[in-house]
Amino acid sequence: MILLLETATPVCSVVLCEGDTILAQRNSSDAQAHSAKLAVFINEIVAESGRKMHDIEAVCVSSGPGSYTGLRIGVSAAKGLCYALEKPLLAVPTLKSMAAQYFMEHPDYDGWVCPMVDARRMECYAAIYDRDLAEIKPTSADIIEEGIYDRYLDQNKVTFVGNGAEKTQPILGVHSNARWDRFEISAKGMMAPAQALLKEGKAEDVAYFEPFYLKDFVAKKPVVKGLR
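Residues numbered from 1 in each chain as written. Predicted model: local features only at pLDDT ≥ 70, side-chain atom pairs only at ≥ 80, totals over all residues. Heavy atoms only, no water.

A. Quick look at helix H3 (residues 94–105). A rise of 1.5 Å per residue sets the reference length of H3, with its 12 residues, at 16 Å; its end C-alpha atoms lie 17 Å apart and thus fit the reference within 8%. The buried fraction of H3 amounts to 9 of the 12 residues, a majority that puts the element mostly inside the structure. Within H3, burial applies to Thr94, Leu95, Ser97, Met98, Ala99, Ala100, Gln101, Tyr102 and Phe103. (Helix = DSSP H or I, 4+ residues; strand = E, 2+ residues; numbered from the N terminus. Expected span 1.5 Å × (residues − 1). Buried < 20%, exposed > 50% of the residue type's maximum accessible area, 1.4 Å probe, protein only.)

Okay, here's the thing in structure tokens:
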């Protein structure tokens, strides 16, 4: 039984799974859901499953890239649970988890998928995966402009998903192989990758593990209307 935590985007998602079976899950896209609801969701789904915290075999967290604050909250919660329960910490890249979820939800899709996490303005964190979750395009922070993914679109159809995808359609939609699909990220995308990591014994160091931010966090002064 693995506890899966997804906090890299505005969606806070928690799933408790056993093999490929979801025992319980919670999802929320409410403002401040990560800080307000993550711990509540964890307690609720464990209780709903009829299990105990110590029945958890491992905790898996979405490791980024994504929201700096969201990633810190998710990783901190995962580390605390692993330390207290003496369980292994697993980590799955956020974009890989999104790709795994899309293929799980669309078993007949035979193209590639490009999960995108919004990085504000016309920038997205993006990668491209095939059905075996092999990385066709490595994860990078991309400024979306015409032709940026043509080398991939010329080879195969690519479906763009995630909270960064919609804004790219006016620019990338000129290519006949570009597609978009509705998608809401969930921790369930980590099920298969997390099971593989646990089986292979590929756990993270609880003390030293850090999320994959991709870009450095830059603190800015808050802007208050009416002040100069």
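B. Highlighting the sheet that holds strand S10 (residues 178–180). One open sheet holds the 5 strands; their spatial order is S8-S7-S6-S9-S10, and the pairing between them is mixed. Both outer strands of the open sheet, strand S8 (135–143) and S10, are each paired with one neighbouring strand and no more. Within this sheet the neighbouring strands show an average axis-to-axis angle of 20°, counted without direction. Summarising the sheet, strand S6 (residues 112–118) and strand S9 (residues 158–161) pair through 4 bridges and their orientation is parallel. Note that in S9 the partner of Pro115 across the bridge is Val161. (Pairing = 2+ DSSP bridges. Axes fitted to C-alpha atoms, helices over the stretch in contact; angles between N-to-C directions.)

C. Highlighting the environment of Gly111. With respect to the helices and strands, the residue Gly111 is situated in the loop between H3 and S6. For Gly111 and Pro93, which are 18 residues apart along the polypeptide, the C-alpha to C-alpha distance reads 21 Å. In this structure Gly111 touches Phe103, Asn156 and Lys157, once residues within four positions along its chain are discounted. (Contact = heavy atoms within 4.5 Å.)

D. Region of interest: the state of the cysteines. As enumerated under the stated definition, the model contains 0 disulfides in all. Unpaired in terms of disulfides, Cys60 finds its nearest cysteine sulfur in Cys17, a separation of 8.6 Å. The cysteine Cys82 is free of any disulfide, with Cys60 supplying the nearest cysteine sulfur at 9.5 Å. We classify Cys82 as buried; its relative accessible area is 3%. (Disulfide = S-S within 2.5 Å.)

E. Expanded view of the sheet that holds strand S4 (residues 58–62). On the basis of which strands lie adjacent, the open sheet formed by 5 strands has the order S3-S2-S1-S4-S5 and mixed pairing. In this open sheet, the two strands that pair with only one neighbour each are strand S3 (21–28) and strand S5 (89–92). Between one strand and the next, the sheet's axes are offset by a mean angle of 15°, whatever the strand orientation. Here helix H2 (residues 68–85) sits on the sheet and contacts strand S1 (2–6), S4 and S5; the angle it forms with S4, its principal contact strand, is near 170°. Sitting on the sheet, helix H6 (residues 191–200) touches S1, strand S2 (12–18), S3, S4 and S5, and the angle it makes with S5 is about 135°.

F. Highlighting the pattern of salt bridges. According to the stated counting rule, one finds 10 salt bridges in the structure shown. As a salt-bridge pair, Glu48 and Arg26 come within 2.8 Å of each other at their nearest N and O atoms. Pair noted here: Glu48 is in helix H1 (residues 33–49) and Arg26 is in strand S3, with a separation of 22 residues, a long-range link. Several salt bridges converge on common partners, so that one network encompasses Arg26, Glu44 and Glu48. (Salt bridge = Lys/Arg side-chain N within 4 Å of Asp/Glu carboxyl O.)

G. Main features of the packing of aromatic side chains. Inspection of the entire model under this criterion finds 7 aromatic pairs. Considering the side-chain rings of Tyr102 and Tyr109, the 5.7 Å spacing of their centres and the 90° angle between planes classify their relative orientation as edge-to-face. Take Tyr109: its relative accessible area is 12%, and that puts it in the buried class. Taking 6.5 Å as the distance between ring centres and 50° as the angle between the ring planes, the aromatic pair formed by Tyr102 and Phe183 counts as tilted. Here Phe183 lies in the loop between S10 and H6 and Tyr102 lies in helix H3, a separation of 81 residues in the sequence. Judged by relative accessible area, which is 16%, Phe183 ranks as buried. Aromatic rings pair up to connect Tyr102, Phe103, Tyr109 and Phe183 into one cluster. (Phe/Tyr/Trp six-rings, centres within 6.5 Å; stacked < 30°, edge-to-face > 60°.)

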